[in-house]
Amino acid sequence: KTVLISSHILSELRQLCNKIAIIDRGKLIYSGTINAALEMARTVRRIEVRLAERGEEAAALLSKRSEVAGCAIEDGHIALELVPDAADHGFVAECLVQNGFRILTLREEEILLEDAFMKLTQHQGENETAGA
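Residues numbered from 1 in each chain as written. Predicted model: local features only at pLDDT ≥ 70, side-chain atom pairs only at ≥ 80, totals over all residues. Heavy atoms only, no water.

Glancing now at the pattern of salt bridges. As enumerated under the stated definition, the model contains eight salt bridges in all. Glutamate 81 serves as the salt-bridge partner of arginine 46, at 3.8 Å between the closest nitrogen and oxygen. Here arginine 46, found in strand β3 (residues 46-51), pairs with glutamate 81, found in strand β5 (residues 77-82); they are 35 residues apart in sequence, far enough to count as distant. Arginine 50 is the partner of glutamate 48 in a salt bridge, and the nearest nitrogen-oxygen pair spans 3.8 Å. Residue glutamate 48 is classed as buried on the basis of its relative accessible area of 18%. The exposure class of arginine 50 is partly exposed, given its relative accessible area of 32%. One network of salt bridges, with partners in common, ties together Arg46, Glu81 and Glu109. (Salt bridge = Lys/Arg side-chain N within 4 Å of Asp/Glu carboxyl O. Helix = DSSP H or I, 4+ residues; strand = E, 2+ residues; numbered from the N terminus. Buried < 20%, exposed > 50% of the residue type's maximum accessible area, 1.4 Å probe, protein only.)

And the structure:
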């Protein structure tokens, strides 16, 4: 069954729907799953890791990995930016555990549906300007 919901409150749509359509100025610019829209909005993959201790040492270790484009300590956690072709971030936990670090949390930065909407509608506006 299909239920059609029209809303500008995108956080609610993410909770209620598994597919969305974005219409900008009367034109359908996206139709598909929410997850696919979120991936389209992702410019880089960022991973946040909190350790029980030895954050600086862990950051130095991770920064040597070929999958890591950047690594820094921010507000007591390690912030990693992965290279674009990194398959996944499972190597982070594997590397840390193998080297004796205790992981408290490890999560990928969440992309908001609002970010996807802005990116998709921004490109639509650029295409119209280029054609004018």
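On the surface, a nonpolar cluster with roughly 320 Å² of combined accessible area is contributed by Val3, Ile5 and Leu16. Structurally, the position occupied by leucine 16 is in helix α1 (residues 10-16). For leucine 16, a relative accessible area of 62% gives the class exposed. (Patch = residues over 30% accessible without salt bridge, like charges linked within 9 Å, V, L, I, M, F, W, Y side chains within 5 Å. Areas by Shrake-Rupley, 256 points an atom, 1.4 Å probe, with all protein chains shown as cover.)

Turning our eyes to something else, we now look at helix α4 (residues 90-98). Inspection of α4 places Phe91, Val92, Cys95 and Leu96 among the buried residues, and these make up the whole buried set. Buried residues of α4, seen end-on, are gathered within an arc of 125° and therefore sit on one face of the element. α4 presents Val97 and Gln98 as exposed residues on the side facing more than 90 degrees away from its buried surface. Tucked inside the fold, the buried residues of α4 contact β3, α3 (55-63), β4 (68-74), β5 and β6 (103-108). (Arc of directions from axis to C-beta. Contact = heavy atoms within 4.5 Å.)

The next point concerns the pairing of β5. Of all six residues in β5, five are buried, a share of seventy percent or more. As judged from the four bridges shared by β3 and β5, these two strands associate in the antiparallel manner. Directly across from arginine 46, in β5, lies its bridge partner glutamate 81. Alignment of β4 against β5, held across six bridges, turns out to be antiparallel. Note on β5: the bridge partner recorded for glutamate 74 is histidine 77. Counted along the chain from β4 to the antiparallel partner β5, the turn is two residues long, and its residue aspartate 75 has a positive phi close to 50°. (Pairing = 2+ DSSP bridges.)

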